[in-house]
Structure formats: C-alpha cells, structure tokens
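If you want the building blocks of each chain, they are given just below.
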Amino acid sequence: MSAPATVRQPARKSRRRPGGPLRVLIRVFLWVVAVGWLVPLLLPLYASLRPYAETAAQGYFSLPRTMNFDYYVQAWRGGNLPTHFRNTLLVAVPAVLLTLFFASFVAFLISRRRLPGGKLLLIGFTAGNLLPQQVVLTPVYLTYTKIPLPWWMSWPSELVYDSYWGIIAIHVAFQTGFCVFVLSNYMDTVPRELIEAATVDGAGVWRQYWQVILPLVRPALGALGTLEFAWIYNDFLWAVVLMSTGDKLPVTSALNNLRAVYFTDYNLLAAGSILVALPTLIVFFVLQRQFVSGLTLGANKG
C-alpha cells in the first residue's frame, strides 16, 4: 500500500518588519513626537515645584535649588478648588450618564430596530455635531434667561440661566450626536441573530436594549465615557456664558482666582493646572481597558 499523500498547508505570508536604517528612523521619529507631547506637560509640573523668584532669576530651564509642594497647598486653598471640583462633578457626571443613555438608546433604534427614517436621523445628528457652539451662544443665552425654574432647582435666579440644569442640558444636546454616530456603527457589528433570538424568547424592546445590546457595547461606552468626561470637564465657554454666580462656576474657571490684579505667579498657576487636570487622568486610568478596547474594535479582523 502506498503511503497517504501529505496535505500541504498554504504558506502564510510573512510580514516583514522594517529593519536597518528605516527602523532606527522610525524609532527616532516616535521618540521626538513623544518628547514633543510630554514637554508641555512636564514643564508646568517642574515649574510648580520651584519658587517663582528662583525661576524669574535663573529661568525655567535651569537646575533647581529648592523644590517643594507649597504652591499646591496654596492653589488648593487660594483657588477654593474643593467647591469648584464639586460644581464640575455636579455637571460632568450627570451629563456624561445622560448622554450615553440617550445616545445608546437612539443608536439601538437606528441600528438594530431599523427605525423608519433612521439613516436621515443619523445624518441629522452627525450634521448637528459639526455646528460650532459659538454660533448658538446668543439664542441659547436669551432662551435660558426666559425659562423659569422652581426656586429649589435654581437659586437665586429661578431661571434655567445660572443653573446646573441648563449647563447639563446644553452639554447633552451637543454631545449626543457624536455618541449616536459612534454607537450606531459599533452596534452594526453585533450579530442580528441575537436580537432575533431575544424576540423569539419574548423580550421586549427595553429588555433587548438593556440585557442584550448594552453589555456588548461596553467597550464603546467606556471609550466614549472617557472622552465625554474629558470634554465636559474641560469646558469653559458654556459655564462662563450661562452662569453668573461665582460659587457655581466649574473648576476650569477657578484658575482665574489664582491671578492677582497686577501680578501673576505662573508657578502657582502651574500648580493649580496640575491639580485641575488630575481628575481626567484618574478617569482615563480607571477606564483605560475599555477605552483601548473601544478604539481597537475590528483592528484584528480580516
């Protein structure tokens, strides 16, 4: 008997990595880009640890003689940062949660339930997201100053103007379009058989959304949650235009409290900037896994 013929496996195409001078050039380029991004971050950190008199005499790019955390204590107390941190969280956390909820449900209806006119609605959301916010400053301001609220919702103005509700609403309105666009494309990758099986089992629209789709889009929600928190947290425009009470302003406006009338200690301002930036870094590191998973969706397909 003859030996069975061996089955030849198709040869895999080897991916060549750049080597030699090209590889060195790529590494040098990446190091230059990384340093270029880190210098604007490390320089304020370095300056915040040195007295202003020392940097004024020797320059910021000089070896330190004294380094301490005095400016951080001064910025925390002088800028009233605890109050402004609380104000920012009162706006950012509800705005992010409401944006993700509304956007995910609308994206579910467009992508999975085949809502009539869903594509036109998606185009409308995307087009609205391209509208510059400065264009609607005056109409929004005039509208907010004419809509009343109960005193317990907005004190002392008793209007949507100068209230957290108004700031939350404008952020949700502007950020929902982008999130709908991202989540609808993400949900298109979910097998339609899952929805059909859930429908056969008697699951309604809400149960399909909450128990079937929402757990599968958790990486996208984590990535969007990180981005939305950073964008809303760093907002300065809407808070300044739509609020007048100083104790209600977010933490981005608290840095202005560290400036004197005739003199600005930029080392103190650098310390305050570092403190203000910490919450966004914490949120990123907490949601880093979901953030990376959401960005790399589909990278290994094909």
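Only a predicted model underlies this, so the values are computations on that prediction, with no experimental measurement involved.

Conventions used here
Residues numbered from 1 in each chain as written. Predicted model: local features only at pLDDT ≥ 70, side-chain atom pairs only at ≥ 80, totals over all residues. Heavy atoms only, no water. Helix = DSSP H or I, 4+ residues; strand = E, 2+ residues; numbered from the N terminus. pLDDT = per-residue confidence, 0-100. Contact = heavy atoms within 4.5 Å. Axes fitted to C-alpha atoms, helices over the stretch in contact; angles between N-to-C directions. Left-handed = near helix turned anticlockwise from the far one by under 90°. Nonpolar A, V, L, I, M, F, W, Y, C, P; charged D, E, K, R; others polar. Buried < 20%, exposed > 50% of the residue type's maximum accessible area, 1.4 Å probe, protein only. Patch = residues over 30% accessible without salt bridge, like charges linked within 9 Å, V, L, I, M, F, W, Y side chains within 5 Å. Areas by Shrake-Rupley, 256 points an atom, 1.4 Å probe, with all protein chains shown as cover. Salt bridge = Lys/Arg side-chain N within 4 Å of Asp/Glu carboxyl O. Lys, Arg positive; Asp, Glu negative; His and termini not counted. Charge placed at Lys NZ, Arg CZ, Asp CG, Glu CD. Polar contact = N/O pair within 3.5 Å; in protein donor to acceptor, adjacent residues only side chain to side chain.

Quick look at unusual backbone geometry
So, point 1. The residue after tryptophan 155, namely proline 156, is reached through a cis peptide bond having omega 10 degrees.
So, point 2. Mapping proline 156 onto the fold places it in the loop between α6 (137–144) and α7 (164–187).
So, point 3. Of note in the backbone geometry, asparagine 80 takes a positive phi value of approximately 50 degrees without being a glycine.
So, point 4. Mapped onto the fold, asparagine 80 is located in the loop between α3 (70–78) and α4 (81–111).

A word on the confidence of the model for the protein chain
So, point 1. Scored by pLDDT, the protein chain comes out at a mean of 85, with 90% of its residues at no less than 70.
So, point 2. Considering only residues more than four positions removed or in separate chains, one finds that residues 298–302, a stretch of pLDDT under 50, has one contact.

Some words on the packing of α4 against α7
So, point 1. Interhelical geometry of α4 versus α7 gives an angle of 35 degrees and a closest axis separation of 7 Å. Of the two elements, α4 crosses α7, and the hand of that crossing is right-handed.
So, point 2. Partitioned by chemical class, the residues of the contact of α4 with α7 number 20 nonpolar, eight polar and no charged.

Comments concerning the side chain of arginine 50
So, point 1. By the secondary structure assignment, arginine 50 is in the loop between α1 (21–48) and α2 (52–58).
So, point 2. According to the relative accessible area criterion, arginine 50 is buried, its value standing at 1%.

Observations regarding a positive patch on the surface
So, point 1. Where like charges cluster on the molecular surface, the positive patch consists of Arg113, Arg114, Lys119 and Arg192.
So, point 2. Here arginine 192 lies in helix α8 (residues 192–200).

Quick notes on the side chain of serine 104
So, point 1. Here serine 104 lies in helix α4.
So, point 2. Residue classification places serine 104 among the buried residues on the basis of a relative accessible area of 1%.
So, point 3. At a separation of 2.7 Å, a polar atom in the side chain of serine 104 contacts the main-chain carbonyl oxygen of leucine 100.
So, point 4. Within polar-contact distance, the side chain of serine 104 engages the side chain of tyrosine 209 at 2.7 Å.
So, point 5. Not counting residues within four places of it along the chain, the set of residues in contact with serine 104 comprises Leu183, Met187, Tyr209, Leu214 and Leu221.

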